[in-house]
Amino acid sequence: MSEIDHYSQVWTHRTPKTRLMLWAFWAALVALFVWCWQVMTAGTIWAFVWDAPRQAADIGSRMFPPRLSYLPELMGPLWDTINIATLGTIGGVIMAVPVAFAAARNTSPSPAILRPVALFIIVASRSINSLIWALLLVAIIGPGLLAGIVAIALRSIGFVGKLLYEAIEETDRRQIEAIEATGASGAQTLSYGIVPQILPAFWGISVFRWDINIRESTILGLVGAGGIGLKLQASMNTLAWSQVTVILLLILGTVIVSEWVSAKVRQALI
Amino acid sequence: MEGSYPSTWRRPPQILTDRRVRIGLQVGIAIYLVLAIGTLEVDWARVATGMERGQRFVMGFLQPDFVSRWDDILRGLIESLTMTLTSTVLGVALSVPLGIGAARNLAPRPVYYVCRSIIAVSRSLQEIIIAIFLVAMFGFGPFAGFLTLAFATIGFLGKLLADDIEEIDARQAEAVRATGASWGQLVNYAVQPQVMPRLIGLSLYRLDINFRESAVIGIVGAGGIGATLNTAIDRYEYDSAGAILLIIIGVVMIAEYGSSYLRKFLQ
């Protein structure tokens, strides 16, 4: 019973060693933060920063009241935006399906060569934002809706491909084996063993991506890829802040509606 | 008897089991596609001339030029990385009190509503739109980008943290409360240990997202590697643009693998 005496009589959450390590970690983080802060703000013109509240008040006063008579003019670009998102999603999903099957460990036709290629396509598509894709495509195929659609499609490959190949890898092996036991060919196994298992996930992922794409396609116009962003850019260039307010409200409304639709569809699927 | 059984089998529909709904949906989709593609104005001549440029871009991507614009690329990359780190740290630091305030089981009602509405505003506005406004207010450069990313981080982490706190095991909180703990002690000993692993994971994930976003907001003048990329594309220097894109992909991959390794190590 007397053995216990050398323990501290006060309970503490951590041992002294972990506490010390934790302090060292926090100190290192603060040091890193301060260093990064100094590097980052080296070129900052502080006069502009201190001036910001006045600028904010100025822009704010110009934004209200919103110029609602501008709304009818926005319906055409809004239709374009929805088309960019929808057609882009369709194109992206069509391209993503073969990539996903090539990337999944259990369906890849050649795990040594094709799988790394498919994984690289997914990573490359995922790490480049759709706005950057649009920037490139506007330079290549010219400004307009097509650049936006292709940008959305290319960005969607990575997202849909990644989630879909994870769904393929999580399929129930026993069902596939049962189909194989009937003497089904490779294509038949795919069609009757794997596809029915991933179909709900597939539709869920596609609708989810569509919802994100609506959100992203609203700003693609900033770099010239068509849609409502084009109007946003034009209004800002002419400093028509009361029109900017209307556009932002419309974008907000569209995003909320698309989010609601996607949530309803996914609820119905699962 | 045998004749009454069908001799062929058709796969039953899996998701839409009602035939009328299925046909209606298919017709609806067909009409939409016709309308959408009909209103699509594509200048095919421009696309055709662009193919040559596209080829040059692909060549630039395959033979990236890291050297001739290395100074600009390096400056952009350093701006992006420092912006990412500082904004994530500030965003996490601010989102912790906000997340606690937005948790129904810890905060009083008025505080809950205020915090939830701050989160909703931050989440519904896109980074790029916030960046446009902040550039207009704070001037060009990474400072505006830093503020944008910090603001976006607050919404993202605040919501996920608040949802996490609302889902903690109430029995543990009850046990700590039964010892006579104050509110601060309750947060420290009952809530913090339960949400900490996920908070660390989410912060690392947000670090990764912030880097990716920092490559984008440069397009509207908020500094970072996006500005360098924009300049390279404007100058039609596709080999430099290819190099920048490869650097972005590389950093994102390192961040993704690094954070998944760190999360595994911490759990």
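Which parts of the structure should I look at to understand the overall build of chain A?
Helix and strand counts for chain A come out as eleven helices and zero strands. Starting at the N terminus, the α and β elements of chain A follow one another as α-α-α-α-α-α-α-α-α-α-α. In summary, chain A has a C-alpha radius of gyration of 26 Å against a globular reference of 18 Å for 270 residues, an excess of more than 25%. Along the first, second and third principal axes, the C-alpha set of chain A runs to 75 × 70 × 35 Å. Within the span of chain A, comprising 270 residues, buried residues form 46% of the whole. The long-range fraction of contacts in chain A, counting pairs at least 24 apart against all pairs at least 6 apart in sequence, stands at 72%. In the structure as shown, chain A presents an accessible area of about 14,100 Å², 70% of it carried by carbon and sulfur atoms. Of the charged side chains in chain A, 18 are positive and 15 negative; the average position of the first set lies 4 Å away from that of the second.

Got a minute to help me understand a nonpolar patch on the surface in this structure?
Taken together, Leu32(A), Trp35(A), Val39(A), Phe66(B), Val67(B), Trp70(B), Leu74(B) and Ile78(B) make up a surface patch of nonpolar side chains, about 720 Å² in accessible area. Elements that contribute at least two residues to the nonpolar patch include exactly α1 (16–40) of chain A together with α3 (70–101) of chain B. For Leu74(B), the position within the fold is in helix α3. Exposure remark for Leu74(B): the relative accessible area of 34% places this residue in the partly exposed category.

Which parts of the structure should I look at to understand the packing of helix α6 (residues 142–166) of chain B against helix α8 (residues 183–217) of chain B?
Geometry of a packed helix pair, given as the angle between the helix axes and the separation of the axes. Residue and element names in this part refer to chain B. Viewed as axis vectors pointing N to C, α6 and α8 meet at an angle of 150°, and their least axial separation amounts to 9 Å. Taken together, the axes of α6 and α8 lie roughly antiparallel to each other. Considering how the two elements wind past one another, α6 and α8 form a crossing that is right-handed. The residue inventory of the contact of α6 with α8, partitioned by class, reads 14 nonpolar, six polar and four charged.

Help me understand the interface of chain B and chain A, please; the structure alone is not making it clear to me.
You'll often see interface size given as the accessible area lost when the parts meet. Chain B puts 59 residues into the contact, and the matching count from chain A is 62 residues. Summing both sides of the interface, chain B and chain A together bury roughly 5,400 Å²; the carbon and sulfur share of this comes to 78%. At the junction of chain B with chain A, the criterion picks out zero salt bridges. Between the two partners, chain B and chain A, sit six residue pairs in polar contact (both at pLDDT 80 or more). Of the residues contributing to the side of chain B that touches chain A, the split by class is 41 nonpolar, eleven polar and seven charged.

Any chance you could explain helix α2 (residues 44–62) of chain B here in plain terms?
In an α-helix there are 3.6 residues to a turn, and that puts residues three or four apart on one side. Compared with an ideal rise of 1.5 Å per residue, which puts 19 residues at 27 Å, α2(B) spans 26 Å between its outermost C-alpha atoms and is within 8% of the ideal. Its maximal kink placed at Met51(B), α2(B) deviates by approximately 30°. Considering only its buried residues, α2(B) is in contact with α6 (130–141) and α7 (145–169) of chain A together with α10 (238–266) of chain B.

Would you explain the packing of aromatic side chains in this entry?
Aromatic ring pairs: the centre-centre distance and the angle between the two ring planes describe each pair. Inspection of the entire model under this criterion finds twelve aromatic pairs over all chains. Ring centres 6.0 Å apart and planes at 50° place the aromatic pair Phe156(B) and Tyr205(B) in the tilted group. With Phe156(B) in helix α6 and Tyr205(B) in helix α8, this residue pair connects regions lying 49 residues apart in the sequence. Relative accessible area serves as the criterion here: at 17%, Phe156(B) is assigned to the buried category. Grouped by ring-pair contacts, the aromatic residues Phe33(A), Trp37(A), Phe138(B), Phe143(B) and Phe146(B) constitute a single cluster. The positively charged end of Arg209(A) is found above the aromatic ring belonging to Phe159(A), 4.9 Å away from the centroid. The cationic tip of Arg109(B) hangs over the ring face of Tyr112(B); the distance from NZ or CZ to the ring centre is 5.6 Å.

Thresholds applied
Residues numbered from 1 in each chain as written. Chains lettered and ligands numbered in written order. Predicted model: local features only at pLDDT ≥ 70, side-chain atom pairs only at ≥ 80, totals over all residues. Heavy atoms only, no water. Helix = DSSP H or I, 4+ residues; strand = E, 2+ residues; numbered from the N terminus. Rg over C-alpha atoms; globule rule 2.2 N^0.38 Å. Buried < 20%, exposed > 50% of the residue type's maximum accessible area, 1.4 Å probe, protein only. Contact = heavy atoms within 4.5 Å. Areas by Shrake-Rupley, 256 points an atom, 1.4 Å probe, with all protein chains shown as cover. Lys, Arg positive; Asp, Glu negative; His and termini not counted. Charge placed at Lys NZ, Arg CZ, Asp CG, Glu CD. Patch = residues over 30% accessible without salt bridge, like charges linked within 9 Å, V, L, I, M, F, W, Y side chains within 5 Å. Salt bridge = Lys/Arg side-chain N within 4 Å of Asp/Glu carboxyl O. Axes fitted to C-alpha atoms, helices over the stretch in contact; angles between N-to-C directions. Parallel < 35°, antiparallel > 145°, perpendicular 65-115°, else oblique. Left-handed = near helix turned anticlockwise from the far one by under 90°. Nonpolar A, V, L, I, M, F, W, Y, C, P; charged D, E, K, R; others polar. Buried area = accessible area lost by both parts, 1.4 Å probe. Polar contact = N/O pair within 3.5 Å; in protein donor to acceptor, adjacent residues only side chain to side chain. Expected span 1.5 Å × (residues − 1). Bend = angle between axes of the 7 residues up to and from the residue. Phe/Tyr/Trp six-rings, centres within 6.5 Å; stacked < 30°, edge-to-face > 60°. Lys NZ or Arg CZ within 6 Å of the ring centre and 35° of its normal.

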